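For reference, the chains in residue letters:
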Amino acid sequence: MRWGVASVSSQVEGLPQWLTRILAPNAGPMTLDGTNTWVLAAPDSPDAVVIDPGPEDTGHLASIAEHRPLSAILITHGHHDHVEGAETLSRMLGGVPILAADPKHGDPLPARARLAGLDVATIRTPGHTGDSVCFSVTDGRTPGIFTGDTILGRGTTVVAWPDGDLGAYLTSLATLTAYKMAMFPGHGPVRDDCAELAETYLAHRRQRLDQVRAAMAAGAETPEQIVDVVYPDVDPGVRFAAEWSARAQLDFLRRESQAAPEQLDPL
Ligand SMILES: [Zn+2]
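Notes on the structure in this doc start here. (Residues numbered from 1 in each chain as written. Predicted model: local features only at pLDDT ≥ 70, side-chain atom pairs only at ≥ 80, totals over all residues.)

Quick word on the overall build of the chain
Spelled out, the test is: Strands are runs of DSSP state E lasting at least 2 residues, helices are runs of H or I lasting at least 4, and numbering of each runs from the N terminus. It is over C-alpha atoms that the radius of gyration is taken, and the globule rule equals 2.2 Å times the number of residues to the power 0.38. As a rule, residues whose C-beta atom has 12 or fewer other C-beta atoms within 10 Å are exposed, those with 20 or more are buried, and those in between are partly exposed; C-beta atoms are placed from the backbone. A pair of residues counts as a contact when their C-beta atoms, built from backbone coordinates, are within 7 Å of each other.
Across its full length, the chain carries eight helices and ten strands. For a compact globule of 267 residues, the expected C-alpha radius of gyration is about 18 Å, and the chain comes in at 19 Å, within 12% of that figure. Its C-alpha atoms give the chain principal-axis dimensions of roughly 60 × 50 × 35 Å. Expressed as a percentage of its 267 residues, the buried residues of the chain come to 42%. Contacts in the chain between residues at least 24 apart in sequence constitute 58% of all its contacts with a sequence separation of at least 6.

Right, here's the structure in full:
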């Protein structure tokens, strides 16, 4: 579907040969059209790997399992809309290993690995959550990066304070400005340039921080007051997420103001 020059130029039409998307049936205000579950396999590979099996939904897990033999289940972060179905899927497939940054959810992720005929690198990108990672993948010709909820295909993501951390998130976005390649997010459409979106996200976060500083200068003190000033039109259904972001912003700005005097003292 085409609905404008800007959106067409910023979205990939079609996926690399080595990639299949399976959309989970869990659309909602926080999950957009639903969780994107990604199945990866080089055309000549005997096996495949999956990124983010998504919710515990029988039909969804069955359509992932059709792509067997799956040799690994990779997790971008531990939110339930990404990881909930992982153990069931692993069991359905006879104990396929689950690999995740958080040991609660799986075995350790390799920094680099050859999986399903593809080169896969894990990039630590904490911020949305403490355990968030991205996967940069290539078949040697067509690279792409899987960003989980660190950068979404549409709109902005939330810093899930206190597990999420705005300072870490800004650093992670800066890291992602180096990935000038197709982006496959945890929610929303595929985008053709992760680097450009990372820049846009950084600019958006800086603008929000300026708004929060201004709101604090005008007397706002609590996350609730910050939300009222900075997110006045927020949908009541996702106000809790705006409050997470406000808490993350307040935490970041308070630490920033405390850090300044310390930097003057080398001891
Ligand atoms: Zn998500």
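What follows picks up the thread again.
Details of the sheet that holds strand β1 (residues 19-23)
Strands pair in a sheet through their backbones, by hydrogen bonds, and they do so in one of two ways: parallel or antiparallel. Spelled out, the test is: Any two strands are treated as partners once DSSP identifies two or more bridges connecting them. Axis lines are fitted to C-alpha atoms, over the contacting stretch for helices. Their N-to-C directions set the angle, which ranges from 0 to 180 degrees.
Across the sheet, five strands lie side by side as β1-β2-β3-β4-β5; this open sheet has mixed pairing. Pairing within the sheet leaves two strands with one partner each, and these edge strands are β1 and β5 (98-99). Note: β1 against strand β2 (residues 36-40), five bridges, orientation antiparallel. When the bridges of β2 are listed, Thr20 appears paired with Val39. Here helix α2 (residues 58-65) sits on the sheet in contact with β1, β2 and β3 (48-51), set at roughly 165° to β1.

Some details on the packing of helix α6 (residues 194-217) against helix α7 (residues 223-230)
Threshold: The handedness criterion is simple: a crossing whose near helix is rotated anticlockwise from the far helix by less than a right angle is left-handed, and one whose near helix is rotated clockwise is right-handed.
Contact pair α6 / α7: the axes reach a minimum separation of 10 Å and the direction vectors enclose 115°. In the crossing of α6 with α7, the sense of the turn from one axis to the other is right-handed. Where α6 abuts α7, its residues Arg208, Gln211, Val212 and Ala215 lie against Ile226, Val229 and Val230.

Topic: the packing of helix α5 (residues 166-176) against α6
Let me state the cut-off plainly: Put simply, angles under 35 degrees are roughly parallel, angles over 145 are roughly antiparallel, angles from 65 to 115 are roughly perpendicular, and the rest are oblique.
Following both chains from N to C, one finds α5 and α6 inclined at 150°, their axes separated by 8 Å at the closest point. When the axis of α5 is compared with that of α6, the two are roughly antiparallel. When you trace α5 past α6, the crossing you get is left-handed. Between α5 and α6, the contacting residues are Leu170, Leu173, Ala174 and Leu176 on the first element and Cys194, Ala198, Tyr201, Leu202 and Arg205 on the second.

Describing the pairing of β3
Side chains Ala48 and Val50 of β3 all project onto a buried face; the interleaved residues Val49 and Ile51 project onto the opposite face, where all are buried too. Of the pairings in the sheet, the one linking β2 to β3 comprises three bridges and is antiparallel in character. Bridged to Trp38 within β3 is Ile51. One ladder, built from four bridges, connects β3 with strand β4 (residues 70-74); its direction is parallel.

A look at the nonpolar core
For clarity, the cut-off: As used here, a nonpolar core is made of buried Ala, Val, Leu, Ile, Met, Phe, Trp, Tyr and Cys residues. They are joined through C-beta atoms within 7 Å.
If you look at the biggest cluster of nonpolar residues, it comprises 59 residues, and the most contacted ones within it are Leu40, Val49, Val50, Ile73, Leu74 and Phe135. If near-sequence neighbours (up to four positions away) are discounted, Phe135 is found in contact with Ile51, Leu74, Val120, Ala121, Thr122, Ile145 and Phe146. Of all hydrophobic cores here, the second largest spans five residues; its members include Val212, Ile226, Val227 and Ala246.

Comments concerning α6
As a reminder, the rule being used: Each residue after the first adds 1.5 Å to the expected span of a helix.
The first and last C-alpha atoms of α6 sit 34 Å apart over 24 residues, in line with the 34 Å expected at 1.5 Å per residue. Phi turns positive, to about 115°, at Gly219, one or two residues after α6.

Describing the sheet that holds strand β7 (residues 118-124)
The five strands lie next to each other as β6-β7-β8-β9-β10, forming an open sheet whose pairing is mixed. The two strands at the open ends of the sheet, each matched to only one other strand, are β6 (112-115) and β10 (182-185). Across the sheet, the axes of successive neighbouring strands diverge by a mean angle of 25°, strand direction being ignored. Note that strand β8 (residues 133-138) and strand β9 (residues 143-148) share four bridges and pair antiparallel.

Quick word on α5
For an α-helix the count is 3.6 residues per turn, leaving residues at separations of three or four pointing the same way. Formally: Here, the arc refers to the directions that run from the helix axis to the C-beta atoms.
If you check which residues of α5 are buried, you get Leu166, Ala168, Tyr169, Ser172, Leu173 and Leu176. What you see down the axis of α5 is that its buried residues fit within an arc of 150°, all on one side.

Things to note about unusual backbone geometry
In this chain, Trp161 is followed by Pro162 through a cis amide linkage whose omega measures 5°. Inspection of the secondary structure puts Pro162 in the loop between β9 and α5. For Leu32, which is not glycine, the phi torsion reads 55° and is therefore positive. At Ala116, a position not held by glycine, the phi torsion is positive, near 50°. By the element assignment, Ala116 lies in the loop between β6 and β7.

Things to note about the environment of Glu199
Structurally, Glu199 can be placed in helix α6. On the neighbour-count criterion, Glu199 (15 C-beta atoms within 10 Å) is partly exposed.

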